[in-house]
Protein chains: 2
Amino acid sequence: MKHVGKQSIIFENKIYIVATSSIVGNKEGDGPISKYFDVILKDMSLGENSWEKAESKLVEESFKLAIKKAGMKNEDIDYVIAGDLLNQSIGTTYGVKSLGRPFLGVYGACSTFGESLSLGSIILDGGGGENILVGASSHFCTAERQFRTPLELGNQRPLTASWTVTGDGSAVISSNNKYENKGLPKIKKITTGKIVDMGINDPNNMGAAMAPAAADTILTHFSDFELNVNYYDLVITGDLGHVGRQLTNNILLENGLDISDIYTDCGIEIFDKKTQDTHCGGSGCACSAVTFTGMIYKKMCKGEILKVLFIPTGALLSSTSIQQGQSIPSIAHAVAIEM
Amino acid sequence: MKHVGKQSIIFENKIYIVATSSIVGNKEGDGPISKYFDVILKDMSLGENSWEKAESKLVEESFKLAIKKAGMKNEDIDYVIAGDLLNQSIGTTYGVKSLGRPFLGVYGACSTFGESLSLGSIILDGGGGENILVGASSHFCTAERQFRTPLELGNQRPLTASWTVTGDGSAVISSNNKYENKGLPKIKKITTGKIVDMGINDPNNMGAAMAPAAADTILTHFSDFELNVNYYDLVITGDLGHVGRQLTNNILLENGLDISDIYTDCGIEIFDKKTQDTHCGGSGCACSAVTFTGMIYKKMCKGEILKVLFIPTGALLSSTSIQQGQSIPSIAHAVAIEM
């Protein structure tokens, strides 16, 4: 690999996305990109007696599905790199333990899937392994009660609030040359984000908190690689929603980058604003993870999109930091995937 | 780099530990390895109005000190890789944001410093950057109230309990050849741990929960590299304390690996059991981080120790998982550092 510009890496070997898994809840299964998901849960508890255990089960099932779809066994996976939103990432920890594989836990809030893909690609390109499983999860019921209010309270939500996606998106990535000429998307470049904090401290407006971080990473990516504005077919952020997408686009335009026609956000794509009452859109680690492993990956494999810049976005708050009056630091990691 | 055996990597380039920083609280400053720390805090609050903000300040000061001791500026650092024990890693997030550098958040509970060192070395060896800042922190007052009981309660602690270390250990690592022949310790090999869960569910006996994970990683490391039992001068785990160190040693002996003479634990070294009332020993992300960046690094630079196997250990629980009756999954990451 080669370090490029200020914050980027270009990979010298081919990093294939061999297979993906996307398991979602029933609300996501009622949304506009429903047909792309592998599994739509009927029971959000997955038969478990707590929401946290349900999220762990979701992670475990998604990881097993990705390995199965890749035609591999657990032993073929050199590393698992994953994380989630729960305190001490317990969704992931308890989900991954039965796999028995070397594990690297990551935390980037809802940018986690971007961080997992980036670190996985770095290990593969350097020769530290051959096959890596990357993933990220969130669950509406665990996130809502941890970050906001008890589920039973039935609070009204402001229109700038987003809806935490229930789901797990995971992918098996590989540097094995046998995947050449199989029509698989490849991870080509990454731009790792800096923490950006513009002073927003409303946890019900995380799109606004994250927009400056998203714009910073996108601008740095285009500048580091000296890319033409038309280079990508699709530029898609993680979970900014309607408000955050608009703010990000405004910052990009102010900085002379007009990608308005090809730029959208996973939080906008995953729910129907008019009929699903999700206000600003989807959020949570799973929002970008399942939109990528479901819709984007499958469209790429069919040749409907050829070059994608995927930028999962994360709001690095905790309920403690908000209670203590702190603002919301944010981050965004860009991953360029091409056919 | 080259993938070796079941779970290991050997680096092909030289990864120098250019400089380290170790800032600790007053209790650690009263302990037996006090003389090796860079800064001993008089005021555990660092002038902040919450313990969480104090931990962030500690992180920020330690990171700045490591960069300064390396003779670098913020802009020379290609990535910061760090984490802590707080919910959503806010100690690290709010501490790192003023540096303005690309950030990769990691979570491995008290194994975090091992994971940071491992991932940093992987990026450098692959050519993804030249200088990386790695670190991990914990604070007695934030950890105690988050994981155990309010500080004001003054609970009695069982004899198997450990004492969370207040501190931040960080290091600047580099692949720049100008550091050759400067007498700096180098990161040579790593073994990334699997999650091991033997069913222990007592959060006041984390040494017992983590011992099987530590033993698994140590045995795998010796086997992956076919190392002689005398290869290292020092094998040191992260924060198993007296009980966990004994259990780990027993498992190693049962598996035919007798390193009893050279094997200790950072949690044993950092406090005096007889006079400091810390029961089983030190714990927390900072326990291994400051023992390494303080004592071990400085002893290596002086030539007092030449080959070290350093194995930070993590108990991947949360207060929610314990309340829900779950056992404590654990992990340990080994990093081999040599002169």
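Residues numbered from 1 in each chain as written. Chains lettered and ligands numbered in written order. Predicted model: local features only at pLDDT ≥ 70, side-chain atom pairs only at ≥ 80, totals over all residues. Heavy atoms only, no water.

1. Quick word on the overall build of chain A
Note the following rule: Numbering of helices and strands starts at the N terminus; helices are DSSP runs of H or I of at least 4 residues and strands are runs of E of at least 2. Values of the radius of gyration come from C-alpha atoms, whereas the globule rule sets the reference at 2.2 Å times the count of residues to the power 0.38. For every residue, the accessible area obtained with a 1.4 Å probe (protein chains only) is divided by the maximum for its type, and the residue is called buried under 20%, exposed over 50%, and partly exposed between those limits. Any two residues whose heavy atoms approach within 4.5 Å at even a single point are treated as in contact. When charges are tallied, Lys and Arg are placed among the positive residues and Asp and Glu among the negative ones, while His and the ends of the chain are skipped. One atom stands in for each charge, and that atom is NZ of Lys, CZ of Arg, CG of Asp or CD of Glu.
Of the regular secondary structure elements, chain A holds eleven helices and 16 strands. Computed over its C-alpha atoms, the radius of gyration of chain A comes to 18 Å, within 12% of the 20 Å expected for a compact globule of 339 residues. Projected onto its principal axes, the C-alpha coordinates of chain A cover approximately 55 × 50 × 35 Å. Buried residues in chain A amount to 67% of all 339 residues. Here the analysis covers contacts within chain A between residues at least 6 apart in sequence; of these, 78% occur between residues at least 24 apart. Seen as two clouds, the 30 positive and the 37 negative side-chain charges of chain A have centres 5 Å apart.

2. Some thoughts on the pairing of strand S13 (residues 307-311) of chain A
Residue and element names in this part refer to chain A. The test is simple: In this analysis, strands are considered paired if DSSP registers two or more bridges between them.
Counting buried positions along S13 yields four of five residues, so the element is predominantly enclosed. As paired strands, S13 and strand S16 (residues 334-338) are joined by four bridges and run antiparallel to one another. Residue phenylalanine 310 lies in a different strand from S16, and its bridge partner there is valine 335.

3. What about the interface of chain A and chain B?
Definition in use: Summed over both partners, the accessible area (1.4 Å probe) lost when two parts come together is defined as the buried area. Think of a salt bridge as a Lys or Arg side-chain nitrogen and an Asp or Glu carboxyl oxygen that are within 4 Å of each other.
Across the boundary between the two partners, chain A contributes 57 residues, which contact 57 residues of chain B. Both sides of the chain A and chain B interface together cover about 4,700 Å² of buried area, and 59% of this is carbon and sulfur. Three residues, A:Gln88, A:Tyr94 and A:Ile195, lead the burial of chain A against chain B; their summed loss comes to 15% of the area buried on that side. Summed over the shared surface of chain A and chain B, the number is two salt bridges.

4. Brief notes about the state of the cysteines
All names here are of chain B. Counted only if it meets this: The rule for a disulfide is simple: a pair of cysteine sulfur atoms within 2.5 Å.
One pass over the full model with this rule turns up zero disulfides over all chains. Left without a disulfide partner, cysteine 141 is nearest to the cysteine sulfur of cysteine 285, which lies 16 Å away. The thiol of cysteine 280 is unpaired, and the distance to the nearest cysteine sulfur, on cysteine 287, comes to 11 Å. Overall, the relative accessible area of 4% leaves cysteine 280 in the buried class.

5. What about the relation of the copies chain A and chain B?
Spelled out, the test is: To superpose the copies, least squares is applied to the C-alpha atoms of every residue with a pLDDT of at least 70 in both.
Least-squares fitting of chain A to chain B yields an RMSD of 0.0 Å, with the superposition described by an axial translation of 0.0 Å and a rotation of 180°. What the rotation and shift describe, once combined, is the action of a two-fold rotation axis. Interface residue correspondence from chain A to chain B reaches 100%, placing this contact among same-surface, isologous pairings.

6. Observations concerning the packing of helix H2 (residues 51-69) of chain A against helix H5 (residues 140-148) of chain A
Residues and elements named next belong to chain A. Our working definition: Axes here mean lines fitted to C-alpha atoms, for a helix over just the part in contact, with angles spanning 0 to 180 degrees between N-to-C directions. Put simply, angles under 35 degrees are roughly parallel, angles over 145 are roughly antiparallel, angles from 65 to 115 are roughly perpendicular, and the rest are oblique. By definition, turning the near helix anticlockwise from the far helix through less than a right angle yields a left-handed crossing, and turning it clockwise yields a right-handed one.
Viewed as axis vectors pointing N to C, H2 and H5 meet at an angle of 135°, and their least axial separation amounts to 8 Å. When the axis of H2 is compared with that of H5, the two are oblique. As for how H2 packs across H5, the hand of that crossing is left-handed. For the pair H2 and H5, contact is made by Trp51, Glu52 and Glu55 and by Cys141, Thr142 and Arg145, respectively.

7. What to know about the packing of aromatic side chains
Residue and element names in this part refer to chain B. Our working rule: Each aromatic pair joins two rings of Phe, Tyr and Trp (for Trp, the six-membered one) with centres within 6.5 Å, and gets the label stacked for planes under 30 degrees apart, edge-to-face for over 60, and tilted for any other angle.
Under the definition given, this model contains 14 aromatic pairs over all chains. When the ring of tyrosine 16 is compared with that of tyrosine 179, the centres are 6.2 Å apart and the planes differ by 55°; the resulting orientation is tilted. Placement of tyrosine 16 in strand S2 (residues 8-24) and of tyrosine 179 in the loop between strand S8 (167-174) and strand S9 (186-191) is noted, with a sequence separation of 163 residues between them. Tyrosine 179 shares its class with tyrosine 16; the two are buried. When the centroid spacing of 6.0 Å and the interplanar angle of 80° are considered together, the rings of phenylalanine 222 and tyrosine 232 count as edge-to-face. Of this pair, phenylalanine 222 sits in helix H6 (residues 206-224) while tyrosine 232 sits in the loop between H6 and strand S10 (234-237), and the two are ten residues apart along the sequence. For the pair formed by phenylalanine 222 and tyrosine 232, the shared burial category is buried.

8. Remarks on the packing of H6(B) against helix H7 (residues 241-254) of chain B
All names here are of chain B. H7 packs onto H6 with a crossing angle of 40° between their chain directions and a minimal axis gap of 8 Å. It follows that H6 is oblique to H7 by the angle criterion. In this structure, the crossing between H6 and H7 has a hand that is right-handed. Within the contact between the two elements, H6 uses Gly207, Ala208, Ala211, Pro212, Ala214, Ala215, Ile218 and Leu219 and H7 uses Gly244, Leu247, Thr248, Ile251 and Leu252.

9. Here we look at the pattern of salt bridges
Residues and elements named next belong to chain A. The full count for this structure, using the stated rule, is 21 salt bridges over all chains. Across the salt bridge formed by aspartate 216 and lysine 194, the nearest N and O atoms sit 3.3 Å from each other. Linking aspartate 216 in helix H6 (residues 206-224) with lysine 194 in the loop between strand S9 (186-191) and H6, this pair joins segments that are 22 residues apart in sequence. What emerges from the salt-bridge pattern is a single network uniting Asp38, Lys69 and Lys298.

10. What to know about the side chain of A:Thr217
Of note, A:Thr217 is situated in helix H6. Not counting the four nearest positions on each side in its chain, A:Thr217 is found in contact with A:Thr191, A:Gly193, A:Ile311, A:Ala332, A:His333 and A:Ala334.

11. Some points on the pairing of strand S13 (residues 307-311) of chain B
Relative to S13(B), S10(B) runs parallel, the two sharing four bridges. When the bridges of S13(B) are listed, B:Thr237 appears paired with B:Ile311.

12. Remarks on unusual backbone geometry
All names here are of chain B. Here alanine 109, not a glycine, exhibits a phi torsion of approximately 50°, which is positive. With respect to the helices, strands and loops of the structure, alanine 109 is situated in the loop between strand S5 (103-105) and helix H4 (112-126). Residue asparagine 181 is not a glycine yet carries a positive backbone phi of 60°. For asparagine 181, a relative accessible area of 75% puts it in the exposed group.

13. Considerations on helix H10 (residues 285-301) of chain B
Residue and element names in this part refer to chain B. Put simply, the test is: To estimate the expected span of a helix, count its residues, drop one, and scale the result by 1.5 Å.
Its 17 residues place the ends of H10 23 Å apart at the C-alpha level, agreeing with the 24 Å of an ideal helix rising 1.5 Å per residue. Among the 17 residues in H10, 14 count as buried, and that is most of the element. Looking one or two residues beyond H10, the residue adopting positive phi is glycine 303, at roughly 80°.

14. Quick notes on the side chain of B:Thr93
Its location among the elements puts B:Thr93 in helix H3 (residues 90-96). Once you skip the residues sitting within four places of it in the chain, B:Thr93 turns out to touch A:Ile195, A:Leu316, A:Pro329 and B:Gln88.

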